[in-house]
Amino acid sequence: MTKFTDLNLDPKVLKAISEAGYEHPTPIQAGAIPHALQGKDVLGIAQTGTGKTASFTLPMITMLAKGRARARMPRSLVLCPTRELAAQVAENFDTYAKYVKLTKALLIGGVSFKEQDMLIDRGVDVLIATPGRLLDHFERGKLLLTGVQIMVVDEADRMLDMGFIPDIERIFSLTPFTRQTLFFSATMAPEIERITNTFLSAPARIEVARQATTGENITQGVVMFKGSRKDREPSEKRRLLRDLIEAEGEALTNAIVFCNRKVDVDIVAKSLKKYGLDAAPIHGDLDQSTRTRTLDGFRDGSLKLLVASDVAARGLDVPSVSHVFNFDVPSHAEDYVHRIGRTGRAGRNGKAVMICIPRDEKNLADIEKLVEKPIPRLDAPAGSATADPAEDIAAEDTTASSSRSRSSRSSSSRSSSSSRSSSSSRSSAPRESAAPRETEEAAAPAAPAREEAPKPERSPSRGRSSSRGSDNATPGMGDHMPSFIALSFEERKAV
DNA sequence: AAAAAAC
């Protein structure tokens, strides 16, 4: 079995690796690092969670350890689709370049130019950036990319989804064509294939097949749900979500709740909070400091429920969560796999529960086709979905501004919009006392019987803090993806 | 149809 020490990495890098508790490279690392160190282009086809990030940071640090950066001319460039992902890569450099003198700058939107400019001015070895902000700096004449020796494109297929490909092509054209390119994508869509044919030269192609399929350690289920009336469906659906969450009891240590739309992320987070659950929203319309704070809180365990848009579906190195709830059926079947892949990581057990309303049945069918097996239907927890229609109108009221004047009880909960108070009431309170229901709807059953609830998975809810270095873990190892995801585009079409 | 990312 290959060890990091077999890989010709700088001794100082090896020291940092070993201090981080790693000994054996993951398949993508073992495959990519030797080629990268030889100066070859690399085409890595791998999911997040395969140790992909270290497969480029480790050789980069080794190669950049020699030489010095010049002002405004970064020696290497890493492009990421989202700000969080870029920040994560930067952290990875910090970890492994601990004993190497390397300067880096993180160029992402949502924060001030000033500090970024200062760093660039001084000269950086590594530039980690999202495309928009990078080009912004370039257009201001603050940045020269002609000194880039190594360029990394991370999560290229997601860049494609987000319409970044023209930017990427432009950035490619600003760097010397003698550069070394390390290119990573989870899939090889035709457009991605075209880019790699254009900008990579004779790349070593490393394709990582996932060992396990979705099933093994992630228990999946879907609750088919129809509102008692069309206009009541949203609030009843939120109630169902609460019941599903509470039905999990102690087995739920932390969870991500995915919604398809940003407004719903806000509404659902607000609704959960209103009922005493420890929840906070994250999506791209929130300012960067809030996003960072929320994510940090979720990582360190002080936040239990993260309500998220697909900003968090891919790539984020969130600690293994015990549960994923799909409040909405994702409309791209592949997103389902990415979302539920946030649980059951590193060999632990996870549970993924989805709510499907009639309108989403087509999308559900697409998902089942993609994962090649039916998702078991679950019964709603007893007492759910039948009663308590008018529930938390106030939560909706924040966004439905037009109807706001009509609703007499809307004023109570509007104030705290998205600010995640750092108050002490972080842990979830019992719902009876927490639900602020002074109105007549309060007559609805407060504590439904739970016998029919989906059985809580026995998940070994160990301390999350140790999640990174357990067992023989290698960076990011161990979240399980269905086998199809590792197939190339052609192979998948054939299925 | 929506999310993400630039000011």
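Starting from 1, residues in each chain are numbered consecutively following that chain's sequence as written. Chains and ligands are labelled sequentially in the order written, the chains with letters from A and the ligands with numbers from 1. Only residues with pLDDT of at least 70 are given local features in this predicted model, and only at 80 or more are side-chain atom pairs given and counted; all residues enter the totals for whole chains, interfaces and linings. Water and hydrogen atoms play no part in the side-chain values, which are based on all heavy atoms of the structure.

Asks: Can you explain the protein's contact with DNA strand B? Please cite residues and give values.
Replies: What makes a residue near a molecule or strand is one non-hydrogen atom of that residue sitting within 4 Å of it. Residues in close proximity to DNA strand B total 23 residues, the closest being Thr-130, Arg-133, Lys-262, Gly-284 and Arg-291. Across the atoms of DNA strand B situated within 4 Å of the protein, the share located in sugar and phosphate is 73%. Contacts to DNA strand B include Asn-260, whose backbone N or O atom sits 3.3 Å from a sugar or linking oxygen. With respect to DNA strand B, the backbone of Gly-284 contributes an N or O atom lying 2.3 Å from a phosphate oxygen. Looking at the surface near DNA strand B element by element, the count peaks at three residues for helix H6 (residues 131–139). The classification used treats Ala, Val, Leu, Ile, Met, Phe, Trp, Tyr, Cys and Pro as nonpolar, Asp, Glu, Lys and Arg as charged, and all other residues, Gly among them, as polar. A class-by-class count of the residues in the surface near DNA strand B yields five nonpolar, eleven polar and seven charged. Two N or O atoms count as a polar contact when they lie within 3.5 Å, although within protein this holds only if one can serve as hydrogen donor and the other as acceptor, and sequence-adjacent residues are included solely when both atoms are side-chain atoms. For helices the rule is a DSSP run of H or I covering at least 4 residues; for strands it is a run of E covering at least 2, with both sets numbered from the N terminus onward.

Asks: Describe in detail the UniProt feature "domain: DEAD-box RNA helicase Q" (unreviewed entry) in chain A, supporting the description with residues and values.
Replies: UniProt positions are given in the numbering used here, feature names are shortened, and annotations may be inferred rather than shown by experiment. The sites that carry the UniProt feature "domain: DEAD-box RNA helicase Q" (unreviewed entry) are, in the present numbering, residues 2–30. For residues 2–30, the end-to-end C-alpha separation is 7 Å, with 45% helix and 0% strand making up the annotated structure.

Asks: Describe the pairing of strand S7 (residues 204–207), naming the residues involved and giving the relevant values.
Replies: Burial along S7 is one-sided: Ala-204 and Ile-206 are buried, and none of Arg-205 and Glu-207, which face the opposite way, are. Two strands qualify as a pair provided that DSSP identifies no fewer than 2 bridges between them. Two elements, strand S1 (residues 42–45) and S7, share four bridges in a ladder whose sense is parallel. Bridge pairing in S7 places Leu-43 opposite Arg-205. Throughout this description, buried means an accessible area under 20% of the type-specific maximum (1.4 Å probe, protein chains only), exposed means over 50%, and partly exposed covers the range between.

Asks: Any details on the packing of helix H5 (residues 113–122) against H6? Residues and values, ideally.
Replies: Axis lines are fitted to C-alpha atoms, over the contacting stretch for helices. Their N-to-C directions set the angle, which ranges from 0 to 180 degrees. Contact geometry for H5 and H6: axes closest at 12 Å, N-to-C directions at 65 degrees. Judged by the inter-axis angle, H5 sits roughly perpendicular to H6. The handedness of the crossing between H5 and H6 is right-handed. Along its contact with H5, which presents Phe-113, Gln-116, Asp-117 and Ile-120, the element H6 presents Arg-133, Asp-136 and His-137. When grouped by side-chain class, the residues that make up the contact of H5 with H6 number two nonpolar, two polar and three charged. Under this scheme an angle from 65 to 115 degrees is roughly perpendicular, one under 35 degrees roughly parallel, and one over 145 degrees roughly antiparallel; angles in between are oblique. Two helices crossing with the near one rotated counterclockwise from the far one by less than a right angle form a left-handed crossing, whereas a clockwise rotation gives a right-handed crossing. Whether two residues are in contact is decided by their heavy atoms, any of which lying within 4.5 Å being enough.

Asks: Can you tell me about unusual backbone geometry, naming the residues and giving the values?
Replies: With a phi angle near 65 degrees, Asn-8 is a residue other than glycine that sits in the positive phi range. On the secondary structure map, Asn-8 appears in the segment before helix H1 (11–19). The residue Ala-202 is not glycine, and still its phi comes out positive at about 40 degrees. In this fold, Ala-202 is placed in the loop between helix H9 (190–199) and S7.

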